[in-house]
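So the chains spell out like this:
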Amino acid sequence: MEKVAKGYVIEDSEVKILFTNRTVDAKNLDDVKRVCEEYNFNYTNLMYNTQVHGAAVRIIKTMDDKENNGEEADGLLTSLKNVPLLIFTADCVPLVFYDKEKEVAALAHAGWRGTYDNIAKGIVEILIKDYKCMKENIKVIIGPSVSGDNYEVSYELVEKFSVHNIDNYYKKCGEKYYLDLWTINKGLLKRAGILDKNIMVTNFCTVKDNNQFFSYRLDNATTKRIGTFIQLK
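About the cut-offs
Residues numbered from 1 in each chain as written. Predicted model: local features only at pLDDT ≥ 70, side-chain atom pairs only at ≥ 80, totals over all residues. Heavy atoms only, no water. Helix = DSSP H or I, 4+ residues; strand = E, 2+ residues; numbered from the N terminus. Rg over C-alpha atoms; globule rule 2.2 N^0.38 Å. Buried < 20%, exposed > 50% of the residue type's maximum accessible area, 1.4 Å probe, protein only. Contact = heavy atoms within 4.5 Å. Lys, Arg positive; Asp, Glu negative; His and termini not counted. Charge placed at Lys NZ, Arg CZ, Asp CG, Glu CD. Pairing = 2+ DSSP bridges. Expected span 1.5 Å × (residues − 1). Arc of directions from axis to C-beta. Phe/Tyr/Trp six-rings, centres within 6.5 Å; stacked < 30°, edge-to-face > 60°. Lys NZ or Arg CZ within 6 Å of the ring centre and 35° of its normal. Polar contact = N/O pair within 3.5 Å; in protein donor to acceptor, adjacent residues only side chain to side chain.

A. Examining the overall build of the protein more closely. What the protein contains, in helices and strands, is five helices and 15 strands. The C-alpha radius of gyration computed for the protein amounts to 17 Å, which stays within 12% of the reference 17 Å derived for 233 residues, consistent with globular compactness. On the principal axes, the C-alpha backbone points of the protein span a range of 50 × 40 × 30 Å. Looking at the protein residue by residue over its 233 residues, the buried ones come to 55%. Long-range pairs, those at least 24 residues apart, make up 62% of the contacts in the protein with a sequence separation of at least 6. Between the averaged position of the 32 positive side-chain charges in the protein and that of its 33 negative side-chain charges there is a distance of 2 Å.

B. Representation of the pairing of strand β7 (residues 85-89) within the structure. Extensive coverage of β7 is indicated by the burial of five of its five residues. Because side chains alternate across β7, one face comprises the buried residues L85, I87 and T89, and the other comprises L86 and F88, equally buried. Across two bridges, strand β4 (residues 47-48) lies against β7 in parallel orientation. Directly across from Y48, in β7, lies its bridge partner L86. Bridging between β7 and strand β15 (residues 226-232) involves five bridges; their strand directions are antiparallel. What sits directly across from I87, in β15, is T228.

C. Summary view of helix α3 (residues 119-131). The terminal C-alpha atoms of α3, which comprises 13 residues, lie 17 Å apart, in line with the 18 Å expected from a rise of 1.5 Å per residue. For α3, the full list of buried residues reads I119, A120, I123, V124, I126, L127 and Y131. Looking straight down α3, one finds that the buried residues subtend no more than 155 degrees of arc, so they occupy a single side. Downstream of α3 by one or two residues, K132 has phi in the positive range, about 60 degrees.

D. The packing of aromatic side chains, seen in detail. Taken as a whole, this structure holds 10 aromatic pairs when the rule is applied. Pairing W112 with F161 gives two aromatic rings, centres 6.4 Å apart and planes at 70 degrees, and the pair type is edge-to-face. Within this pair, whereas W112 is found in helix α2 (residues 112-116), its partner F161 is found in helix α4 (residues 155-161), the two being separated by 49 residues in sequence. Judged by centre distance (6.2 Å) and plane angle (40 degrees), the ring pair of Y170 and Y177 falls under tilted. In this structure Y177 comes out as buried when scored by relative accessible area, which is 15%. Positioned above the aromatic ring of F88 is the side chain of K27, whose terminal nitrogen or guanidinium carbon lies 4.3 Å from the ring centre.

E. Fine view of the side chain of N118. Structurally, N118 can be placed in the loop between α2 and α3. A polar contact of 3.1 Å, which involves the side chain of N118, links it to the backbone nitrogen of K121.

What follows is the structure, encoded as structure tokens:
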């Protein structure tokens with residue numbers, strides 16, 4: 001992962017991924033256009049959703065699907081080349097999926113609701129069923145988001161997540177409870193068949209690393225968002 005002026009890039013011959021930093025508001029189309037031009041994402045073909053904290057996944061099959069930009073969903077998936085996918089976060093977890101063998105990519109916006117509803121498993125199932133991916137070839141990146149050290153929640157929410165039976169998914173400090181969405185998503189991904197070695201956690205916390213990334217909690221309910229882009233070449 002390479003640090004660049006506007007965030008962090010992961011790139012090879014088949015795929016390009018970008019997590020933007022505080023110099024970019026991914027909700028500002030002018031900012032998005034500049035980022036696409038600077039890092040060679042095809043802005044004309046950009047696909048994005050209206051995110052609603054759910055587990056629905058929008059599958060991009062043709063360029064006609066651009067007419068549905070803004071549709072309510074929290075996942076995006078495509079095998080189209082030069083068609084960048086974009087999700088927006090500011091504490092919620094961006095999940096990035098790609099399989100170089102089958103040439104398919106996906107993104108998920110996983111807040112606590114999307115994580116609870118297991119959007120990660122939903123995308124893995126689509127990759128396997130619809131795109132014939134092998135579990136061992138799917139790679140996942142857990143991007144910049146609030147860490148388990150800084151995501152204070154209610155005891156009731158901690159109890160709600162117990163249904164997933166993930167070890168060490170929260171911690172208690174005094175009378176405060178902290179939920180670890182990284183650990184939960186990683187556990188759910190592994191349960192869905194993704195190999196541990198193929199799951200990368202960037203370890204950027206939007207609270208701890210707030211000098212680099214927007215945080216909804218720390219930045220007074222900011223409307224600005226981190227952009228996570230992925231594009232197959």
